[in-house]
Every structure is written in structure tokens, then in C-alpha cells.
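# Architecture at a glance
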Amino acid sequence: MSETLLSVRDLEVGYKVGDRVIHAVDGASFDVPRGTIVGLVGESGCGKTTVARALTRVIADNAKITGGEIVFDGRNIAALPEREMNRLRWRDIAFIPQSAMNSLDPVYTIEYQLNEVLKNRGGMDARRARARAEELFDMVGIEPGRLRDFPHQFSGGMRQRVAIALALALDPKLIIADEPVTALDVIVQRQILDQLRELQSRLGISVILVTHDISVVAYVCDRVVVMYAGRVVEAGPMAATITAPAHPYTIGLRNAFPDLKGAATGMLVPIEGAPPSLVEPPPGCRFAPRCPFALDICRTEVPQTGARSNGHSAACHRAHEAEMLRTEGSKTETWLNAS
Ligand SMILES: Nc1ncnc2c1ncn2[C@@H]1O[C@H](COP(=O)(O)OP(=O)(O)OP(=O)(O)O)[C@@H](O)[C@H]1O
């Protein structure tokens, strides 16, 4: 059995809008080892949700996977017929969509909604479904007596736990959670992330956690994949990548977020400017227009992804000067004078 559960290679996904194509994901590659939490992080619009949805092949009507491979448990699921893909969903790969806690149907009890998955998808009879629903509530720390409650009777944090219970229903190998704690306050965020971590490690599953917040990644993930404008710019083990990033965008992201543990950090520095158009992205490095370290070559040549130590990689022409990038990139004035 391979150590890698999921391997994404050169994934390309486009959205057709009129006669234009938005290249939302443009050659993204990353791995998810078994039994790990991988954080997929980047600003709004960089393609995280598009990647997450492409992995389950639940994509918008105007979206198309135009290239690459998604190898899950040894099979390229990018090429799997829809019937087989459908069999994989919930059982092997479960998806917790963005705002899952608000997407529970208000007119049905939670038990009814769990049954949809347990009975219809999992083929369980009423008795087994009831027992599994109770077990799932127990797992996510909600009193099983509350199964007959309606979504509005739960707090935001509890509804997010229900969304996690739903995802766990059929014992998947991989859960993809899109911004699972974004709408919650920091204390509840920590509780949910602690719970996710505890369940992930107890059940030995893998999780892809999609978030714009690098402090969420630092809090709970084993590995991090940083996306910018449809591409992976840096990836690696969480501690090595967050403490010693080699891509200016990761350095900038780190400066822009407070620490979820509440530790004192320096001044928060935003990255000036906005991501480029994905219809006609700039040549070269897509971060170059906002990068305080950009050279001429950065504006013309796409940087190759270079391996660093221990599975850490970065796609930056100046990654060999990473120490200087970190030192200068931690200074506020570096970013204020950029672009
Ligand atoms: N259905 C769609 N039709 C056209 N463009 C889309 C569609 N969905 C997303 N996009 C565009 O694709 C790009 C990537 O969007 P995506 O939602 O994947 O980014 P994201 O990083 O997940 O951001 P967010 O956190 O805001 O969801 C954006 O430019 C977005 O506007």
C-alpha cells in the first residue's frame, strides 16, 4: 500500500464564461500522504475551492477539468466514468462544502439528513442507520438525544460538527473540508479543529483542509500547499514550510495573519494589490506584480518548482536566497514599498 493516498498532477480546471475561459487551476500538483491533514491555503479566488471540487468531480456546470491526473488510492479518478465516481463519493471521499453549517436543510431533522446518506448511499436499514447516527453524534461530541432536532436548534459550531458527522458517515478515507471554521469565533474554531484532528488521528483518515487563513494551517495541519492564482507556489511539511518559507507569497501570507493560539505576533502586514486576471494571466511568475523581490526574469519566465529538503518545494526564481527573503520579508517597509 502506497504511503500517498492522493496525488494531484498538473491539474487544470477552467470555467467558461461567454467566449472566455477563466483558468482557475493551471497546472497544480501536490500529494496527500495517508493519515495526514493537508492545508490548502491562499487568498480568495486563487482556486482552492475549484481544486477541492475537482477532486470529488462535483464541479459547476460551466467548469471543465481540462488536464492532469487525480490519482486516488492508485486510480486516476479524473478519468473515471461518472457512475464509478458516484460510488466513490461519501464512501471513499467525503466533501464538506463551504458554509456547510448553513446548508443543512432547515425543514428536516438532523437524523433525517443523516439517514439520506446512511440509508440511501450506505444501504443501511433503519436500525443500523439509527445506531450509526448515534455513534456519529457521539464521535463529534453532541448528545445523541439531539438527533431529532432541527438545524436552527444548534449553534454555528454544533452545526459544523454535524457537517463533520455527515462527512464521516460512511467511513471515508479522505475528507475535504472547505473553509470549515471560517464563520466561527476563534474559541469555537479551535474546538472544531481540535475535534477534527482527534477524529483524523483516531480513524487514521486523511483530510484536506481548504482555508484562506494560514494560522488555521499552522494550528492543525501536517502539511501545507500554498496556492496563488491557480498554481501551487510552495508545499511541504507544515513546520518547515511555515517557519522557513521560501516563497515571498508564503512569507507575505504569514505576515498577514494573527496566530490562532493567541501568541503575540508583530504588526500584521497586508500584501498590497490583488491577484491577477485568470483569463489572461501575466507571463512568468504570477506573484511578480505584487512581489517586493521580483527581478526581470520573474516577469518573463515561469519559475520551476524546486525541491528543498524533506519534501519542501517552492516555485520561485529566488528560492535559493530564502534566508534573505525571510529576513527582508518580515519587515513591514518591504511590503509597503512593493509593487
Ligand atoms: N462557476 C464559476 N464561473 C466562473 N468563474 C468561477 C466560477 N467559480 C469560480 N470562478 C472563478 O475561479 C477562480 C477561482 O475560484 P475559487 O472559488 O476556486 O477560489 P478560492 O480560492 O476557493 O476562493 P474563495 O475562498 O473565495 O472561494 C476565481 O477567479 C473565481 O472568480
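Worth saying up front: this structure is predicted, and the values here are computed from it rather than measured. (Residues numbered from 1 in each chain as written. Predicted model: local features only at pLDDT ≥ 70, side-chain atom pairs only at ≥ 80, totals over all residues.)

### Structural notes on the overall build of the chain
Each helix and strand in the chain was counted, giving 11 helices and 12 strands. Against the compact-globule benchmark of 20 Å for 339 residues, the chain has a radius of gyration of 21 Å, which places it among compact chains. Along the three orthogonal principal directions, the C-alpha set of the chain runs to about 65 × 45 × 40 Å. Counted over contacts in the chain with a minimum sequence separation of 6, partners at least 24 positions apart contribute 67%. (Helix = DSSP H or I, 4+ residues; strand = E, 2+ residues; numbered from the N terminus. Rg over C-alpha atoms; globule rule 2.2 N^0.38 Å. Contact = placed C-beta atoms within 7 Å.)

### Comments concerning the environment of L114
With respect to the helices and strands, the residue L114 is situated in helix α3 (residues 110-121). For the pair L114 and L147, spaced 33 residues apart in sequence, the C-alpha separation works out to 9.0 Å. Dropping the residues within four chain positions of it, L114 is found in contact with A133, L136, L166 and A169.

### Comments concerning the sheet that holds strand β2 (residues 20-33)
The antiparallel open sheet is built from 4 strands, whose spatial order is β2-β1-β4-β5. Strand pairing shows two members of the sheet lacking a second neighbour, β2 and β5 (75-76), which therefore form its edges. As defined by bridge partners, strand β1 (residues 4-17) adjoins β2 across 11 bridges and the pair is classed as antiparallel. Bridged to G14 within β2 is H23. Across the sheet, helix α1 (residues 48-56) is in contact with β1, β2 and β4 (63-72); its angle to β2 comes to roughly 70 degrees. (Pairing = 2+ DSSP bridges. Axes fitted to C-alpha atoms, helices over the stretch in contact; angles between N-to-C directions.)

### Observations concerning the confidence of the model for the chain
Counting all residues, the mean pLDDT for the chain is 92, and 96% of those residues have values of 70 or more. Mean pLDDT per element in the chain: strand β11 (residues 306-307) is the minimum at 85, and strand β3 (residues 37-41) is the maximum at 98. (pLDDT = per-residue confidence, 0-100.)

### Some points on the environment of L136
Mapped onto the elements of the fold, L136 is located in helix α4 (residues 126-139). Here the alpha-carbon distance between L136 and I164, two residues 28 residues apart in the chain, equals 9.0 Å.

### Quick notes on helix α10 (residues 322-329)
Those residues of α10 not exposed but buried are A322, L325 and G329. Angularly, the buried residues of α10 cover 60 degrees about the axis, an arc narrow enough to put them on a single face. For α10, the exposed residues lying more than 90 degrees away from the buried face are E323, M324 and T327. Buried positions along α10 lie against α9 (248-256) and α11 (332-336). (Buried ≥ 20, exposed ≤ 12 C-beta atoms within 10 Å, placed from the backbone. Arc of directions from axis to C-beta.)

### Side note on the site of the ligand
Not every one of the 16 residues close to the ligand is listed here, only the nearest: Y15, A24, S44, T49 and T50. In terms of residues, the shell around the ligand owes the most to one element, α1, which gives 3 residues. Considering only residue class, the shell around the ligand consists of 7 nonpolar, 8 polar and 1 charged. (Near = placed C-beta within 6 Å. Nonpolar A, V, L, I, M, F, W, Y, C, P; charged D, E, K, R; others polar.)

### With respect to the pairing of β4
By the bridge criterion, 8 bridges tie β1 to β4 in an arrangement that is antiparallel. Looking across to β4, one finds that V13 is bridged to I65. As paired elements, β4 and β5 share 2 bridges and run antiparallel to each other. Residue pairing across strands places V71 opposite N76, the latter belonging to β5. Counting the residues in the hairpin turn of β4 and β5 gives 2 residues, including D73, whose phi is positive at 50 degrees.

### Quick word on the sheet that holds β11
In space, the 8 strands of this open sheet follow the order β6-β7-β8-β3-β9-β10-β12-β11, with mixed pairing throughout. Only two strands of the sheet have a single neighbouring strand rather than two, namely β6 (93-96) and β11. Bridge count between strand β10 (residues 231-237) and strand β12 (residues 313-314): 2 bridges; the pairing is antiparallel. Within β12, the residue paired with A235 across the bridge is S313.

### Let's talk about the pairing of β3
Most of β3 is tucked away: 5 of the 5 residues are buried. Looking at chain direction, β3 and strand β9 (residues 223-228) are connected through 4 bridges and run parallel. Bridging from a neighbouring strand, V41 pairs with V226 of β9.

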